[in-house]
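# Fold and geometry: a report
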Amino acid sequence: MAQESPKNSAAEIPVTSNGEVDDSREHGFNRDLKRSLPAGLGLSETQITSHGFDSTKEGVIEAGAFQGSPAPPLPSVMSPSRVAASRLAQQGSDLIVPAGGQRTQTKSGPVILADEIKNPAMEKLELVRKWSLNTYKCTRQIISEKLGRGSRTVDLELEAQIDILRDNKKKYENILRLAQTLSTQLFQMVHTQRQLGDAFADLSLKSLELHEEFGYNADTQKLLAKNGETLLGAINFFIASVNTLVNKTIEDTLMTVKQYESARIEYDAYRTDLEELNLGPRDANTLPKIEQSQHLFQAHKEKYDKMRNDVSIKLKFLEENKVKVLHNQLVLFHNAIAAYFAGNQKQLEQTLKQFHIKLKTPGVDAPSWLEEQ
């Protein structure tokens with residue numbers, strides 16, 4: 001069963017009939033407190049005097065030497081009053097007994113947790129501050145390099161490979177653009193040949209005198225249109241493969257190159273800051289800055305080395321993939337063009353089968369996903 005907690009004596013202030021505070025309970029508390037403490041501790045007698053409501057003083061605490069006779073020995077079990085017990089409990093909560101046995105009084109206050117919840121706004125503000133500082137340093141480094149005042153880290157072998165890659169990308173884009181133009185023109189020619197063949201076939205039926213002549217030309221134009229569609233399929237396959245190589249594979253490598261260049265600029269910016277601090281005086285104010293700059297420089301150096309290694313690996317794999325893809329596509333393009341203009345229809349169809357190219361039948365839509373199931 002839960003017991004009722006004793007009422008705090010400070011919560012009730014008895015008042016007499018003439019408006020003055022009744023201090024009989026305060027004297028009773030002092031008497032109970034003296035009885036509850038063992039004798040011979042050298043305590044001083046404390047008297048608390050409270051004045052009426054009309055007094056200008058809030059309270060007077062008078063302390064003096066204890067003049068009374070020693071109290072008789074008390075029994076081992078004492079039963080102080082509820083008021084005295086509650087006061088002693090409140091005072092004891094502010095005492096901490098360390099291992100040495102001495103009591104140290106501590107001030108009660110709000111409890112502060114060690115792991116405080118960080119303010120999201122302060123975290124965002126800190127991120128913005130770091131980003132602004134990093135952007136300022138990188139911009140200063142770029143301007144210094146443009147003006148020829150700052151130094152930059154250069155990997156001659158890697159820079160040469162990157163320049164070759166960018167130059168090849170421009171040339172491949174030109175080939176891709178010309179192949180797309182050829183495909184568009186060939187499509188228009190095939191469309192025209194098909195229409196011309198239909199016109200010759202119609203005239204062969206209506207002109208009895210020229211039936212055979214119109215029929216020969218109709219068959220020739222239809223055959224050219226069919227071979228043109230086969231060649232168009234080969235050219236479109238060549239365009240799709242080169243487009244994947246240029247706009248996906250090479251572009252992905254160039255994105256890694258851009259990240260490498262950004263890491264290089266950051267590395268040079270923090271390297272310059274560290275060099276400037278090392279050239280300056282070393283005292284209590286600059287040493288922490290030098291240590292912090294050294295830490296940031298080391299972190300960006302590791303990032304720069306990692307990005308340089310990634311670029312080297314990607315350039316190596318890109319070169320192998322590029323040779324394999326372009327070899328197959330160039331063989332396909334040559335064989336298809338040669339067979340078309342030689343009029344070798346079988347060779348042209350064999351070339352498409354060799355590279356697993358399926359032609360789309362004109363006028364027939366692709367099957368829906370339900371039909372494929």
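Residues numbered from 1 in each chain as written. Predicted model: local features only at pLDDT ≥ 70, side-chain atom pairs only at ≥ 80, totals over all residues. Heavy atoms only, no water.

- As annotated in an unreviewed UniProt entry, the chain carries the name ARF interacting protein 1 and is attributed to Ailuropoda melanoleuca.
- Per UniProt, the comment on the chain under Subcellular location (unreviewed entry) is "Golgi apparatus, trans-Golgi network membrane". (UniProt positions renumbered as here; feature names shortened; annotations may be inferred.)

## Description of the pattern of salt bridges
- For the structure on display, the rule yields 19 salt bridges.
- Linking Arg308 and Asp305 is a salt bridge whose minimum nitrogen-to-oxygen distance equals 3.2 Å. In this pair, Arg308 and Asp305 are both assigned in helix α6 (residues 286-342), 3 residues apart and thus about one turn of the helix distant.
- Classification of Arg308 by relative accessible area gives partly exposed; the value is 28%.
- One network of salt bridges, with partners in common, ties together Glu145, Arg264, Asp268, Arg271 and Glu275. (Salt bridge = Lys/Arg side-chain N within 4 Å of Asp/Glu carboxyl O. Helix = DSSP H or I, 4+ residues; strand = E, 2+ residues; numbered from the N terminus. Buried < 20%, exposed > 50% of the residue type's maximum accessible area, 1.4 Å probe, protein only.)

## Side note on the side chain of Thr253
- Tracing the backbone through its elements, the reader meets Thr253 in helix α5 (residues 211-279).
- Taking relative accessible area as the criterion, Thr253 reaches 4% and is therefore assigned buried.
- Discounting residues that sit within four places of it in the chain, Thr253 has contacts with Leu165, Lys314, Leu315 and Leu318. (Contact = heavy atoms within 4.5 Å.)

## Regarding the nonpolar core
- One finds Ile162, Ile250, Tyr260 and Val311 to be the most contacted residues of the largest nonpolar core, which totals 40 residues.
- When contributions to this core are tallied by element, the ones reaching two or more residues are α4 (156-206), α5, α6 and α7 (345-354).
- Of the residues forming this core, the biggest block, 17 residues, is contributed by α5. (Core = buried A, V, L, I, M, F, W, Y, C linked by side-chain atoms within 4.5 Å.)

## Some points on α5
- Taking 1.5 Å of rise per residue, 69 residues should cover 102 Å, and α5 covers 98 Å from first to last C-alpha, within 8% of that figure.
- By the largest-angle criterion, Glu251 marks the main kink of α5, which is about 35 degrees. (Expected span 1.5 Å × (residues − 1). Bend = angle between axes of the 7 residues up to and from the residue.)

## As for the environment of Ser204
- Mapped onto the secondary structure, Ser204 falls in helix α4.
- Here the alpha-carbon distance between Ser204 and Gly215, two residues 11 residues apart in the chain, equals 5.5 Å.
- With residues near it in sequence (within four places) discarded, Ser204 still touches His211, Phe214 and Gly215.
- Looking at Ser204, its side chain comes within polar contact range of the main-chain oxygen of Ala201, at 2.6 Å. (Polar contact = N/O pair within 3.5 Å; in protein donor to acceptor, adjacent residues only side chain to side chain.)

## Let's talk about the confidence of the model for the chain
- Averaged over all residues, the pLDDT of the chain equals 74, while 64% of them reach at least 70.
- Ranking the elements of the chain by mean pLDDT puts strand β3 (residues 95-96) last with 43 and α4 first with 93.
- Long-range and interchain partners of residues 1-13, a stretch whose pLDDT sits below 50, account for 10 contacts in this model, where long-range means more than four residues apart.
- Below pLDDT 50 for its whole length, residues 39-80 participates in 30 contacts with residues either more than four positions away or in separate chains. (pLDDT = per-residue confidence, 0-100.)

## Thoughts on the packing of helix α3 (residues 120-147) against α5
- In contact at an axis separation of 9 Å, α3 and α5 are set at 90 degrees when each is read in the N-to-C sense. Judged on the interaxial angle alone, α5 and α3 are roughly perpendicular. Across from Asn134, Lys137, Cys138, Arg140, Gln141, Ile142 and Glu145 in α3, the residues of α5 making contact are Arg264, Ile265, Glu266, Asp268, Ala269, Tyr270, Thr272 and Asp273. (Axes fitted to C-alpha atoms, helices over the stretch in contact; angles between N-to-C directions. Parallel < 35°, antiparallel > 145°, perpendicular 65-115°, else oblique.)

## Side note on the packing of aromatic side chains
- Overall, the coordinates contain 6 aromatic pairs when judged by the stated rule.
- Pairing Phe238 with Phe333 gives two aromatic rings, centres 4.9 Å apart and planes at 40 degrees, and the pair type is tilted. Within this pair, whereas Phe238 is found in helix α5, its partner Phe333 is found in helix α6, the two being separated by 95 residues in sequence.
- Judged by centre distance (4.9 Å) and plane angle (85 degrees), the ring pair of Tyr340 and Phe341 falls under edge-to-face.
- Judged by relative accessible area, Phe341 falls into the exposed class, the value being 64%. (Phe/Tyr/Trp six-rings, centres within 6.5 Å; stacked < 30°, edge-to-face > 60°.)

## A few points about the UniProt feature "coiled-coil region" (unreviewed entry) in the chain
- Following the UniProt record, one finds the feature "coiled-coil region" (unreviewed entry) at residues 155-182 and 290-321.
- In this annotation, residues 155-182 is assigned 96% helix and 0% strand; the end-to-end C-alpha distance for the span is 41 Å.
- For the annotated span residues 290-321, helix accounts for 100% and strand for 0% of the residues, and the straight-line distance between the end C-alpha atoms is 46 Å.

## Section: α7
- When α7 is considered as a whole, its buried residues turn out to be Leu348, Thr351 and Leu352. Along the axis of α7, the buried positions cluster into a sector of 95 degrees, meaning they face one direction only. Turned more than 90 degrees from where α7 packs its buried face, Lys346 and Lys353 sit exposed.
- Buried residues along α7 sit in contact with α5 and α6.
- Near the N-terminus of α7, the side chain that reaches the backbone nitrogen of Lys346, with its oxygen 3.5 Å away, is that of Asn344.
- A positive phi of about 55 degrees marks His356, the residue just after α7. (Arc of directions from axis to C-beta.)

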